[in-house]
Amino acid sequence: MFDDLTPFYRDFGSSVTVAGVSTTGIFDTSTPDSFGIVASTIPSLRVSASVAAAVGDAVTAGGSSWVVAAIHAVDPRGSEKLLVLK
Amino acid sequence: MSIRESILSAMVVTLSSLCGGRIYRSRKEQLPTLPAIVIRPESESDDGETLGSRDINLIVAVDIYARGEIPDQAADSVLESALSLIDSDATLGMGSDVQIMPTRQIEWSIDNYDDVSATLRLQIFYRKFS
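Think of each chain on its own: its residues are numbered from 1, step by step along the sequence as written. Just so you know, chain letters begin at A and ligand numbers begin at 1, following the order they were written in. With the structure being a predicted model, the display of local features is reserved for residues of pLDDT at least 70 and the display and counting of side-chain atom pairs for 80 or more, all residues being used for whole-chain, interface and lining totals.

### A short note on the interface of chain B and chain A
C-beta atoms are placed from the backbone for every residue, and two residues are taken to be in contact when these atoms lie within 7 Å. Contacts between the two partners involve twelve residues from chain B, matched on the other side by eleven residues from chain A. Split by residue class, the side of chain B that touches chain A holds five nonpolar, three polar and four charged. We call Asp, Glu, Lys and Arg charged. Ala, Val, Leu, Ile, Met, Phe, Trp, Tyr, Cys and Pro are nonpolar, and the rest, Gly among them, are polar.

Structure representation (structure tokens):
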């Protein structure tokens, strides 16, 4: 567990916008095939818990526009959250 | 080729005008492009041979895969077209010993937010002579 996440966001993060607000996030994609057969890409954005976000908010990250589909806490302390995008 | 396999092949031909021709038999390899249809046998039963013939019930699953903001809606036009094509010839062009029964079942499932699988189950009766 790290108390200061600033170095991680500095090294791995990029400029993104969440609900129209610019911030820094760590963008990633996973490729879980729907039903085990349909090619699919699920992008996600890891941001500080202080970033205001709700399901349905617009996100710009990785050079594309997305919509928040789900929000998960990354760690029990609640210092970060993971925005699952579609 | 078995009558069963002929029925499944005839089903592929019947639906071949849909989904840009992306109609597959029992496929498990990844589908890169949607919509697409996978046709597979699900089960088969009969009550044994009587008077030199065997009456067989084959359950065929037609899986329609699509993607959209309202996933089940994304599969709707393909589903309706498939039903229309199936209704146009209940024998699948195989004569009076093959009959798609009026009973049908449709089941929708959603995955990864926008992807839908609409599974149309058909009961197909066929007669096999000894």
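We are not done yet, so read on.
### Quick notes on unusual backbone geometry
All names here are of chain B. In this structure, Pro35 follows Leu34 across a cis peptide bond, with omega equal to 0°. As for its position among the elements, Pro35 is in the loop between β1 (23–25) and β2 (36–50). The phi dihedral of Cys19 falls on the positive side, at around 55°, and the residue is not glycine. As for its placement among the helices and strands, Cys19 is situated in the loop between α1 (3–14) and β1. The helix count covers DSSP runs of H or I at least four residues long, the strand count covers runs of E at least two residues long, and both are numbered beginning at the N terminus.

### Focus on the sheet that holds strand β5 (residues 64–73) of chain A
A pair of strands counts as paired when DSSP detects no fewer than two bridges linking them. Reading around the circumference, β1-β2-β3-β6-β5-β4 (chain A) is the order of the six strands in this closed barrel, with antiparallel pairing throughout. Taking each pair of neighbouring strands and ignoring which way they run, the sheet shows an average axis angle of 45°. Note on geometry: axes are lines fitted to C-alpha atoms, helical ones only across the stretch in contact, with angles between N-to-C directions running from 0 to 180 degrees.

### Section: the sheet that holds β1(B)
All names here are of chain B. Judged by pairing direction, the sheet is mixed, and its five strands sit side by side in the order β1-β2-β3-β5-β4 without closing on themselves. This sheet does not close on itself; its edge strands, each paired only once, are β1 and β4 (98–111). Pairwise comparison of adjacent strand axes, ignoring direction, gives a mean angle of 25° for this sheet. Both strand β3 (residues 53–67) and strand β5 (residues 115–129) contribute to a ladder of 15 bridges, which runs antiparallel. By the bridge assignment for β5, Val62 is matched with Leu120.

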